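What follows is the residue order along each chain.
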Amino acid sequence: MLALTNHQQLCRQFAVLFTYPDQRVAEQAAACAEQLQGVSAEASSALTRFRDFLGTNDPSRIEEAFTGTFDLQALCHPYVGYQLCGENQQRTFFMLRLRELYRQYGFTPGSDLPDHFSEVLRFVGSIDDQDCRQEMINDGLLPALEKCTLGLEDDNRPYLELIRALQGFLAETALAEPGRPAIERAKESLS
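Residues numbered from 1 in each chain as written. Predicted model: local features only at pLDDT ≥ 70, side-chain atom pairs only at ≥ 80, totals over all residues. Heavy atoms only, no water.

Undergrad: Which parts of the structure should I look at to understand the nonpolar core?
TA: Nonpolar side chains tend toward joint burial in soluble globular proteins. Counting residues in hydrophobic clusters, the biggest one holds 54 residues, and the most contacted among them are Phe14, Leu17, Phe18, Leu47, Leu141, Phe169 and Leu170. Apart from the residues lying within four places of it in its own chain, the contact partners of Leu141 are Val80, Phe117, Val120, Leu121, Val124, Met136 and Leu170. (Core = buried A, V, L, I, M, F, W, Y, C linked by side-chain atoms within 4.5 Å. Buried < 20%, exposed > 50% of the residue type's maximum accessible area, 1.4 Å probe, protein only. Contact = heavy atoms within 4.5 Å.)

If you want it as structure tokens, here you go:
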């Protein structure tokens with residue numbers, strides 16, 4: 001099994017990759033792909049293809065690909081709550097619960113909404129509580145990523161490789177959690 005600190009570091013690296021691309025995105029993708037090699041061949045391969053895209057395109061093309069994937073594709077907005085609940089009151093409650101959870105663990109979110117993939121990944125990459133980490137991965141990130149891949153029909157999207165890399169990494173390293181999904185329990189508690 002992957003050591004906690006390595007898993008946390010990879011989650012934080014992926015968090016950077018899901019933010020609007022800047023000068024560090026290619027370097028971060030290369031470091032993450034290298035670290036993934038010993039963890040998940042499938043995820044490493046997908047991330048290597050994404051890294052290759054970053055290395056062969058100028059910043060404006062990379063920004064265009066990011067925007068075209070995450071901002072212009074309603075089915076692929078990078079928000080866990082949006083993917084699980086849609087754009088409704090349930091998502092608002094979901095984000096409020098996330099903020100409470102972040103406060104409980106002393107996590108300071110960045111400028112994105114609390115359910116943005118990058119924020120959730122930074123959170124998972126900053127806490128040691130295995131149950132909470134697994135719940136966020138199994139009941140939040142993995143189902144949201146699955147919905148994103150279904151929303152991207154065109155395989156010629158470089159950010160689809162990033163989504164597949166994260167999905168492969170989390171699926172291979174997550175421990176199955178018995179019982180009812182936490183998202184269902186959270187929805188019930190809000191009803």
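Undergrad: Would you take a moment to explain helix H1 (residues 4-17) for this structure?
TA: Owing to its 3.6 residues per turn, the α-helix brings residues three or four apart onto one side. Given a rise of 1.5 Å per residue, 14 residues ought to cover 20 Å, and the 20 Å separating the end C-alpha atoms of H1 matches this to within 8%. Residues of H1 that are buried include every one of His7, Gln8, Leu10, Cys11, Gln13, Phe14, Ala15, Val16 and Leu17, and no others. (Helix = DSSP H or I, 4+ residues; strand = E, 2+ residues; numbered from the N terminus. Expected span 1.5 Å × (residues − 1).)

Undergrad: Honestly, the environment of Arg51 in this entry has me stumped. Any pointers?
TA: Within the element layout of this structure, Arg51 appears in helix H3 (residues 41-56). Owing to a relative accessible area of 30%, Arg51 belongs among the partly exposed residues under this scheme. Taking C-alpha positions, Arg51 is 8.6 Å from Glu27, a pair spaced 24 residues apart along the chain.

Undergrad: Any chance you could explain the packing of aromatic side chains here in plain terms?
TA: In this description, an aromatic ring pair is defined by two values, namely the gap between the centres and the angle between the planes. For the structure shown, the criterion picks out twelve aromatic pairs. Where Phe18 meets Phe70, the ring centres are 5.8 Å apart and the plane angle is 55 degrees; that geometry is what we call tilted. Of this pair, Phe18 sits in the loop between H1 and helix H2 (25-36) while Phe70 sits in helix H4 (residues 59-71), and the two are 52 residues apart along the sequence. Residue Phe18 shares its accessibility class with Phe70, and that shared class is buried. Taken together through their ring pairs, the aromatic side chains of Phe18, Tyr20, Phe50, Phe66, Phe70, Phe117 and Tyr159 make up a single cluster. The positively charged end of Arg91 is found above the aromatic ring belonging to Tyr79, 5.0 Å away from the centroid. (Phe/Tyr/Trp six-rings, centres within 6.5 Å; stacked < 30°, edge-to-face > 60°. Lys NZ or Arg CZ within 6 Å of the ring centre and 35° of its normal.)

Undergrad: How should helix H6 (residues 89-104) be read in this particular structure?
TA: With 16 residues, H6 should reach 22 Å at 1.5 Å per residue; the first-to-last C-alpha distance of 23 Å fits that figure. Within H6, the full set of buried residues consists of Arg91, Phe94, Met95, Leu98, Leu101 and Tyr102. Buried residues of H6 fall within an arc of 120 degrees about the axis and therefore sit on the same side. Away from its buried face, by an angle of more than 90 degrees, H6 presents the exposed residues Gln89, Arg103 and Gln104. Two or three places before Gln90, at the start of H6, stands the capping residue Asn88, its side-chain oxygen 2.8 Å from that residue's backbone nitrogen. (Arc of directions from axis to C-beta. Polar contact = N/O pair within 3.5 Å; in protein donor to acceptor, adjacent residues only side chain to side chain.)

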